[in-house]
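Structural overview for review
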Amino acid sequence: MSYWKITKNEIQRSRAMKLKPKILVVYTGGTIGMIKSESGTYVPFSVDGILDYVPQIYNLDVDIIVESFEKPMDSAFVGPEQWLRISKIITKNIDLVDGFVILHGTDTMAYTSSALSFLLRGINKPVILTGAQVPVYEEKSDGVDNFINALEIARQGVVKEVALWFCKTLFKGACVTKSDSKSFSGFSSPNHEPLARKEKEIKYNKSAFDKGTFDRVFFNIMDAEILFLNFSPLINKEIQAKLIRENPIQGIVLSVFGSGTVPLIKKDLLATALRDKNIPIIAVSECYRGGVEIGKYEAGSILNDLNVISGENMTKEAAITKLMVAIGNFKTDQDVRSYLIENQVGEL
Ligand code: ASP
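It should be emphasised that the depicted structure is a prediction, and the values quoted were computed from it without experimental measurement.

**Points about the overall build of the protein chain**
For the protein chain, the helix and strand inventory stands at 10 helices and 18 strands. The C-alpha radius of gyration computed for the protein chain amounts to 21 Å, which stays within 12% of the reference 20 Å derived for 348 residues, consistent with globular compactness. With respect to the three principal axes, the spread of C-alpha positions in the protein chain is 70 × 50 × 35 Å. A buried classification covers 43% of the 348 residues belonging to the protein chain. Within the protein chain, contacts between residues separated by at least 24 positions form 74% of all contacts whose residues are at least 6 apart in sequence.

And the structure:
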């Protein structure tokens, strides 16, 4: 682990002397820094390897400070504990640096960027997540380019929120999803325009920026007792009803068909279990693009009966992490519902 400590005085002095912007790079793991194990599988490796392999970062007009997870991980293992850890690293250093770059595995990066967006609302500094489909050590890696451009975006400081940079495109942190497991353009934000693209240089799409600013509200609690219930024509309603009845679930994200239909009628065991549980339920569409419009079809009117909140055009990643923040931080059902209905960070 490479770690340079900086102090508040040092930052103030460097600002007064117009020194280079300081960017804190948080290395969590992921393909970008992975190496092949003897058995041929990719395993996480130390951040020093990346720093050695991408020396170009030292030619950029930034001072880089690096903090690494003690044990870099495949993002399959990244969850609420790590989201809170990253957000704590950021809040601890917020007055000391000009921006942040988070190096992260691609598999769950959209969950982390969504979680950080809600945890760090109104941060007013760039927090740019990035990673790679191919490790920096391999020929044709996308990691070098992604890393350098993420640093450049953080340096420029035009986007002062959580965002995800991948394959020459900058997405809003709470609007992005992993949409391709192989191609270099692994991410998209189906219902929101990207914040920037790189042609010869980085071009910002100001019309995609939020109209107003969001007041700063940082959270450090998330409730993890959330169920993601994905409807399919094969859903076993009895099993799902039992699961809901017998577990201490605090909130549910329903992934529903199209613009908001489900194979449920009032007397179904599952509908009854959902009603009896009396917890916040939010619905998102299983469709890639478009979102839900509850009540459009008779086959979805049960969702109104069950008091289900419309997730509108939110991604599942945003709905899950928003619900976790809402339940973790608000006591009354009314406050949880208001938080969920309102646009918190441009996710709707
Ligand atoms: N399994 C890897 C991870 O998410 C995939 C990647 O980084 O592209 O950590």
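**With respect to unusual backbone geometry**
Backbone geometry places Lys168, a non-glycine residue, at a positive phi of 65°. Residue Lys168 is classed as partly exposed on the basis of its 17 C-beta neighbours within 10 Å.

**Quick notes on the domain arrangement of the protein chain**
Along its sequence, the protein chain is organised into domain 1 (8-217) and domain 2 (224-341). It is helix H4 (residues 109-119) that contributes the most residues to the side of domain 1 that touches domain 2, six residues altogether. Of the residues belonging to the side of domain 1 that touches domain 2, the class tally is nine nonpolar, three polar and no charged.

**A word on the environment of Ala326**
Relative to the elements of secondary structure, Ala326 occurs in helix H9 (residues 316-329). With 26 C-beta atoms counted inside 10 Å, the residue Ala326 sits in the buried group. Spatially, the C-alpha atom of Ala326 lies 22 Å from that of Gly260, the residues being 66 residues apart in sequence. Excluding anything up to four places from it in sequence, Ala326 contacts Val336, Tyr339 and Leu340.

**Some remarks on the sheet that holds strand S15 (residues 226-230)**
Two orientations exist for strands paired in a sheet by backbone hydrogen bonds: parallel and antiparallel. Reading across the sheet, the four strands line up as S15-S16-S17-S18 and stay open at both edges, with parallel pairing between neighbours. A single partner strand is all that each edge strand has here, and the edge strands are S15 and strand S18 (309-310). The sheet contact formed by strand S16 (residues 251-256) and strand S17 (residues 281-285) spans five bridges and is parallel. Its bridge partner lying in S17, Val253 is registered against Ile282. This element, H9, spans S15, S16 and S17 of the sheet and lies at about 165° to S16.

**Examining the packing of H4 against H9**
In the contact formed by H4 and H9, the axes pass within 8 Å of each other and the chain directions differ by 40°. Relative to H9, the element H4 is oriented oblique. H4 and H9 meet at a crossing whose hand is right-handed. Packed against H4, whose contacting residues are Ala110, Tyr111, Ser114, Ala115, Phe118 and Leu119, the element H9 presents Glu317, Ala318, Thr321, Lys322 and Val325 at the interface. Of the residues in the contact of H4 with H9, the class split is seven nonpolar, two polar and two charged.

**Re helix H3 (residues 80-93)**
Look at H3: 20 Å from first C-alpha to last across 14 residues, which is about the 20 Å you get at 1.5 Å a residue. Looking only at H3, the buried set comprises Trp83, Ile86, Ser87 and Ile90. An end-on view of H3 places all buried positions within 95° of arc, on one side of the element. What points out from H3, more than 90 degrees from its buried face, is the exposed set Glu81 and Lys92. Lining the buried residues of H3 we find strand S1 (22-29), strand S5 (99-103), H4, strand S6 (120-121) and strand S7 (127-130).

**Description of the sheet that holds S1**
Taken in spatial order, the eight strands line up as S4-S1-S5-S7-S8-S9-S12-S13 in an open sheet, and their pairing is mixed. Both edges of this open sheet fall to strand S4 (63-73) and strand S13 (202-204), since each of them pairs with a single strand only. Each strand of the sheet is rotated relative to its neighbour by a mean of 20°, with strand direction disregarded. Pairing between strand S8 (residues 162-166) and strand S9 (residues 169-172): four bridges, direction antiparallel. Directly across from Leu164, in S9, lies its bridge partner Phe171. Across the sheet, H4 touches S7 and S8, and the angle it forms with S8 is around 155°. Along the sheet, helix H5 (residues 143-156) makes contact with S1, S5, S7, S8, S9, strand S12 (196-198) and S13, crossing S5 at roughly 160°.

What counts, and at which threshold
- Residues numbered from 1 in each chain as written.
- Predicted model: local features only at pLDDT ≥ 70, side-chain atom pairs only at ≥ 80, totals over all residues.
- Helix = DSSP H or I, 4+ residues; strand = E, 2+ residues; numbered from the N terminus.
- Rg over C-alpha atoms; globule rule 2.2 N^0.38 Å.
- Buried ≥ 20, exposed ≤ 12 C-beta atoms within 10 Å, placed from the backbone.
- Contact = placed C-beta atoms within 7 Å.
- Domains from an automatic or database assignment.
- Nonpolar A, V, L, I, M, F, W, Y, C, P; charged D, E, K, R; others polar.
- Pairing = 2+ DSSP bridges.
- Axes fitted to C-alpha atoms, helices over the stretch in contact; angles between N-to-C directions.
- Parallel < 35°, antiparallel > 145°, perpendicular 65-115°, else oblique.
- Left-handed = near helix turned anticlockwise from the far one by under 90°.
- Expected span 1.5 Å × (residues − 1).
- Arc of directions from axis to C-beta.

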